Amino acid sequence: MNSFLKIKILVIWLFCVSIITAQIPAGYYNAAVGKADAELKTALYNIIKNHDMLEYYSSSTSFRKTDWHPEGYFWDMYSNYKRIGWSGMNREHNMPKSWFGIESGMENSASISTDLHNLYPSDPEANTKKSNYPLGVVVGTPSYSNGVVKVGKGSYPDPYETNIVFEPANQYKGDFARDYMYMVTCYEDYANIWQSKGTESMLFRGGTYPVFRPYAVNLLLEWSRNDPVSEKEIVRNDAVYLLQGNRNPFIDYPILAELIWGKFKGDLWVGDNTTPESEDGFYLSYNDNDKKLFVKVNKPESATYYIYSINGVVVQTDKIIIATEASSLARNYIPKEKQHCHQV
C-alpha cells in the first residue's frame, strides 16, 4: 500500500526579533548539502580550504576585531586577566602548531599557523604551561591551574604514555572542540603529516577520515554537546570570515559534528541544524540560502509530497524516488515573495 506524505507549507510573515545570528553568505555551504560522513567532511574541506593567509604578527591587531570583549579588553580563554593593551600577551594556537609537521623555522609562515580560527590571545604563563599537550580532563591534583585552565595527569588511554593533558574551562570546552574539528577539516590535506603529541594522542596520521582517534571523538563530541555554540563564537566566526574569507562550519551548524563523527553518522546533511530524528519516519527542512526544501523519508514504500500555499492551493507536487535505505529530495521552493518561513 502506498504511503502518501502531505507536507503543508504555511507561509506567514515573521516579526523581527533581537537575536544574534551568524552572517552566513547565501549558498556558502550548498556543495555540502545532501552528503554524509567522510564525503560531507571532504565537501566542507573544499568549501573552506581556500582562504586569505594573514601575517602571523598582525594577529594582535586582528584580535581587536575577533577577540575584543564587549567590556573593553582582550577576551582571554586561558586566564581571568583583562588586558586592554597587547603588552604581556601571547598568540596561542589552540591546536598546537608542533602537530602540523611544518619545517623548523617556517612554522609562522604557513597558512595553517596563521589561521585565526585556531589562533587566540592568551596569558603567557598559561600558554607556556599548555605546551603542546592534547586536550583532556585532568584527574587528581593538576600540575598547573590558574583558576581557568589546568594541566595534569589525563584521563585518556594509551598509546600516549605520560597522559599529560590540557583542560580548558567548562565554558570554553565547546569552543576548543569546534576549533579542533575545524582544523582537521580545513586542513584535510595534512592527513599524512600530522605529528608530535598529536598523533600520539588525538589524531591518526594517513587518512582524511575520521582523523580523530576514538578517545578524541568521544571527548570532543561531549564537550561540543555540553558547551553549545555561544554568542562569542558566532561573533568571532563572522569577524574571522571578514578578515580571512572562510568560516568554521561547526559553529555555523553544530549538527555537522554529529553527522560526521557522532550519533547521526550515515544521515545526509540537509543544510541546516535539523536533527535527523522523527517519529513519523521523515524530516523536513528549508534552506533559505538556496531557496530549497529538503525532505528525507526513511524506507518508504512510496511517497508523494504536496506543497500548499497559505490559501490552500497546491503549488508543487511530485513523487520521491525510492532508494535502498532512505529517500530524499531537494526541490525549488515556492516563489520568493512567499518564502518568509514555513511550518509543517
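Nothing here was measured: the structure is a model prediction, and the numbers come from that model.

Cut-offs and rules
Residues numbered from 1 in each chain as written. Predicted model: local features only at pLDDT ≥ 70, side-chain atom pairs only at ≥ 80, totals over all residues. Heavy atoms only, no water. Buried < 20%, exposed > 50% of the residue type's maximum accessible area, 1.4 Å probe, protein only. Helix = DSSP H or I, 4+ residues; strand = E, 2+ residues; numbered from the N terminus. Pairing = 2+ DSSP bridges. Axes fitted to C-alpha atoms, helices over the stretch in contact; angles between N-to-C directions. Parallel < 35°, antiparallel > 145°, perpendicular 65-115°, else oblique. Contact = heavy atoms within 4.5 Å. Lys, Arg positive; Asp, Glu negative; His and termini not counted. Salt bridge = Lys/Arg side-chain N within 4 Å of Asp/Glu carboxyl O. Core = buried A, V, L, I, M, F, W, Y, C linked by side-chain atoms within 4.5 Å. Left-handed = near helix turned anticlockwise from the far one by under 90°. Nonpolar A, V, L, I, M, F, W, Y, C, P; charged D, E, K, R; others polar. Expected span 1.5 Å × (residues − 1). Phe/Tyr/Trp six-rings, centres within 6.5 Å; stacked < 30°, edge-to-face > 60°. Lys NZ or Arg CZ within 6 Å of the ring centre and 35° of its normal.

(A) A look at the pairing of strand 2 (residues 119-122). Of the two faces of strand 2, the one lined by Leu119 and Pro121 and the one lined by Tyr120 and Ser122 are each fully buried. Looking at chain direction, strand 1 (residues 90-93) and strand 2 are connected through four bridges and run antiparallel. Paired with His93 across the two strands is Leu119, which belongs to strand 2.

(B) Inspection of the packing of helix 1 (residues 37-48) against helix 5 (residues 173-186) at higher detail. Two elements in contact, helix 1 and helix 5, have axes separated by 8 Å at closest approach and are oriented at 80°. Taken together, helix 1 and helix 5 sit at an angle that is classed as roughly perpendicular. Across the interface between the two elements, Lys41, Leu44, Tyr45 and Ile48 from helix 1 touch Tyr182, Val184, Thr185 and Cys186 from helix 5.

(C) How the structure looks around the side chain of Asp179. Tracing the sequence through the fold places Asp179 in helix 5. The side chain of Asp179 sits in the buried core without any salt bridge; Arg236 is the nearest counter-charge, 6.8 Å away. In contact with Asp179, other than residues within four places in its own chain, are Asn94, His117, Asn118, Tyr120 and Asn248.

(D) View of unusual backbone geometry. In this chain, Tyr209 is followed by Pro210 through a cis amide linkage whose omega measures 5°. Among the secondary structure elements, Pro210 is positioned in the loop between helix 6 (197-201) and helix 7 (214-226). In this structure, Ser196 takes a positive phi of about 60° despite not being glycine. Position of Ser196 relative to the elements: it lies in the loop between helix 5 and helix 6.

(E) Fine view of the pattern of salt bridges. All chains considered together, the criterion is met by 10 salt bridges. Its salt-bridge partner being Glu92, residue Lys130 comes within 2.9 Å of it at the nearest N-O pair. In this pair, Lys130 sits in helix 4 (residues 124-130) while Glu92 sits in strand 1, placing the two residues 38 residues apart along the sequence. The two residues Lys130 and Glu92 agree in class, both being buried. Because the salt bridges share partners, they merge into one network encompassing Lys150, Glu167 and Lys173.

(F) Just the nonpolar core, in detail. Counting residues in each nonpolar core, the largest one holds 59 residues, and the members touching the most others are Trp194 and Phe212. Mapped by element, the contributors of at least two residues to this core are helix 1, helix 5, helix 7 and helix 10 (255-260). Take this core: its biggest share by element is eight residues, from helix 5. In this view, Phe212 contacts Tyr180, Met181, Val184, Met202, Leu203, Phe204, Val217, Leu220 and Trp261; residues no more than four positions away in its chain are not counted. Listed in part, the nine residues of the second largest apolar core include Phe63, Met89, Leu116 and Val240.

(G) How the structure looks around the packing of helix 5 against helix 8 (residues 231-244). It is at 11 Å that the axes of helix 5 and helix 8 come closest, and there the two elements cross at 35°. Regarding helix 5 and helix 8, the two cross each other, and that crossing is right-handed. Across from Gly174, Asp175, Arg178 and Tyr182 in helix 5, the residues of helix 8 making contact are Lys232, Glu233 and Gln244. Considered class by class, the residues forming the contact of helix 5 with helix 8 number one nonpolar, two polar and four charged.

(H) Helix 7, seen in detail. If you check helix 7, its first and last C-alpha atoms are 18 Å apart, about what 13 residues at 1.5 Å a residue would give, namely 18 Å. Taken as a whole, helix 7 has its buried residues at Tyr215, Ala216, Val217, Leu219, Leu220, Leu221, Trp223 and Ser224. Tucked inside the fold, the buried residues of helix 7 contact helix 5, helix 6 and helix 10.

(I) Fine view of the packing of aromatic side chains. Evaluated as defined, the whole model comprises 18 aromatic pairs. Between Tyr253 and Trp269 the ring centres are 5.1 Å apart and the planes differ by 65°, which places this aromatic pair in the edge-to-face class. Of this pair, Tyr253 sits in the loop between helix 9 (249-252) and helix 10 while Trp269 sits in the loop between helix 10 and strand 6 (282-287); the two residues are 16 residues apart in sequence, bridging distant segments of the chain. Classification of Trp269 by relative accessible area gives buried; the value is 1%. One cation-aromatic arrangement involves Arg83 over Tyr81; the distance from NZ or CZ to the ring centre is 4.6 Å. For Arg236, the ring lying beneath its charged end belongs to Tyr120, and the centroid distance is 3.7 Å.

(J) Region of interest: the environment of Pro276. In this fold, Pro276 is placed in the loop between helix 10 and strand 6. For Pro276, a relative accessible area of 14% corresponds to the buried category. When the C-alpha atoms of Pro276 and Phe264 are compared, they prove to be 7.0 Å apart, with 12 residues separating the residues in sequence.

(K) Layout of the sheet that holds strand 3 (residues 144-145). Strand order in the open sheet formed by three strands is 3-4-5, and the pairing between neighbours is antiparallel. Strands with a single pairing partner mark the edges of an open sheet, and in this sheet they are strand 3 and strand 5 (164-167). As paired elements, strand 3 and strand 4 (residues 150-153) share two bridges and run antiparallel to each other. Bridge pairing in strand 4 places Tyr144 opposite Val151.

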